[in-house]
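Below, each chain spelled out in residue letters.
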Amino acid sequence: MAQSLSTTLNYEQSYHCPVCRYGQLNPLMLMDAFACSFCRHIFTANLSQQSVCLADTTQSIYWRWTGQRWQPLHHANSELTVAIWILSVGLTVIPTTLIGLIYQIFPPLEDSAGAEFPLLWLVLVFLAHLSITVWILAEFYQIPFYVAWKVRSQA
Ligand SMILES: [Zn+2]
């Protein structure tokens, strides 16, 4: 894998991808943009600020080129970030809390068959909703391990 020796971000060099950390960012002809050879994300470049922005997703994620590596910058849309976190945490907490409350209000009879099923169901609901939450956050932040796994599983 060719590693860039350049200390500045320019359109003559290729750089390792800040998203998947596996592919190479190569300049796109006649555009102020780069594309990754592995995860196929497209990045718009701002050479004066030495930064790139993920262009093909709904959220704007920025990285600054330090000369050696990419440094993540804050999300441009902080309202979307807050909304995603509220949605994600609520998606896990609300269903689990509702089922936990129902279990407390209407506990099963101790000698009845399947009396332990509500607790098992509570754990399953928590784990299922937690996995959805983790998936949403991995998609939102484009976590490198997750992106690489997604690209490899599509091949
Ligand atoms: Zn990539």
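Residues numbered from 1 in each chain as written. Predicted model: local features only at pLDDT ≥ 70, side-chain atom pairs only at ≥ 80, totals over all residues.

Novice: How would you explain the overall build of the protein chain if you had to name every residue and give the values?
Specialist: Counting its secondary structure elements, the protein chain contains three helices and seven strands. Listing every helix and strand of the protein chain by position from the N terminus yields β-β-β-β-β-β-β-α-α-α. With the C-alpha coordinates of the protein chain rotated into their principal frame, the extents come out at 75 × 35 × 25 Å. Buried positions account for 14% of the 155 residues belonging to the protein chain. (Helix = DSSP H or I, 4+ residues; strand = E, 2+ residues; numbered from the N terminus. Buried ≥ 20, exposed ≤ 12 C-beta atoms within 10 Å, placed from the backbone.)

Novice: Mind laying out helix α2 (residues 117-141), listing which residues take part and the relevant values?
Specialist: Under the 1.5 Å per step criterion, the end-to-end length of α2 is 36 Å for 25 residues, consistent within 8% with the ideal 36 Å. One or two positions beyond α2, positive phi appears at Gln142, with a value near 50°. (Expected span 1.5 Å × (residues − 1).)

Novice: Give a detailed account of the nonpolar core, specifying residues and quantitative values.
Specialist: Among the nonpolar cores identified, the biggest contains 18 residues, and Cys17, Val19, Cys20, Leu25, Cys36 and Cys39 are the most heavily contacted of them. Residue assignment for this core shows that the elements contributing at least two residues are β3 (33-36), β4 (42-46) and β6 (62-65). Apart from the residues lying within four places of it in its own chain, the contact partners of Val19 are Cys36, Cys39, His41, Leu54, Gln142, Pro144 and Val147. (Core = buried A, V, L, I, M, F, W, Y, C linked by C-beta atoms within 7 Å. Contact = placed C-beta atoms within 7 Å.)

Novice: Explain the pairing of β6 residue by residue, including any values.
Specialist: By the bridge criterion, three bridges tie strand β5 (residues 51-54) to β6 in an arrangement that is antiparallel. Across the sheet, the residue bridging to Val52 is Trp63, located in β6. Turn length for the β6-strand β7 (residues 70-72) hairpin, with the two strands adjacent in sequence and antiparallel, is four residues, and the turn residue Gly67 shows positive phi of about 105°. (Pairing = 2+ DSSP bridges.)

Novice: Residues and numbers for the confidence of the model for the protein chain, please.
Specialist: Of the residues in the protein chain, 94% have a pLDDT of 70 or more, and the chain-wide mean is 87. The lowest-confidence element of the protein chain is helix α3 (residues 144-154), averaging 83 in pLDDT; the highest-confidence one is β3, averaging 94. (pLDDT = per-residue confidence, 0-100.)

Novice: I'd love a proper account of the domain arrangement of the protein chain, names of residues and values included.
Specialist: Segmentation of the protein chain into domains returns domain 1 (15-72) and domain 2 (78-154). If you average the C-alpha positions of domain 1 and of domain 2, the two centres end up 32 Å apart. Facing nine residues of domain 1, the contacting portion of domain 2 comprises seven residues. Within the side of domain 1 that touches domain 2, the residues separate by chemical class into seven nonpolar, one polar and one charged. (Domains from an automatic or database assignment. Nonpolar A, V, L, I, M, F, W, Y, C, P; charged D, E, K, R; others polar.)

Novice: Give a detailed account of the sheet that holds β7, specifying residues and quantitative values.
Specialist: Pairing within the open sheet is antiparallel, and its seven strands lie in the order β1-β2-β3-β4-β5-β6-β7. This sheet does not close on itself; its edge strands, each paired only once, are β1 (15-16) and β7.

Novice: Outline the packing of helix α1 (residues 78-105) against α2, supporting the account with residue identities and numerical values.
Specialist: Interhelical geometry of α1 versus α2 gives an angle of 175° and a closest axis separation of 9 Å. Regarding the angle of α1 to α2, the classification is roughly antiparallel. Along its contact with α1, which presents Ile84, Ser88, Leu91, Thr92, Pro95, Thr96, Ile99, Gly100 and Tyr103, the element α2 presents Pro118, Trp121, Leu122, Val125, Phe126, His129, Leu130, Ile132, Thr133, Ile136, Leu137 and Phe140. When its residues are assigned to classes, the contact of α1 with α2 shows 15 nonpolar, six polar and no charged. (Axes fitted to C-alpha atoms, helices over the stretch in contact; angles between N-to-C directions. Parallel < 35°, antiparallel > 145°, perpendicular 65-115°, else oblique.)

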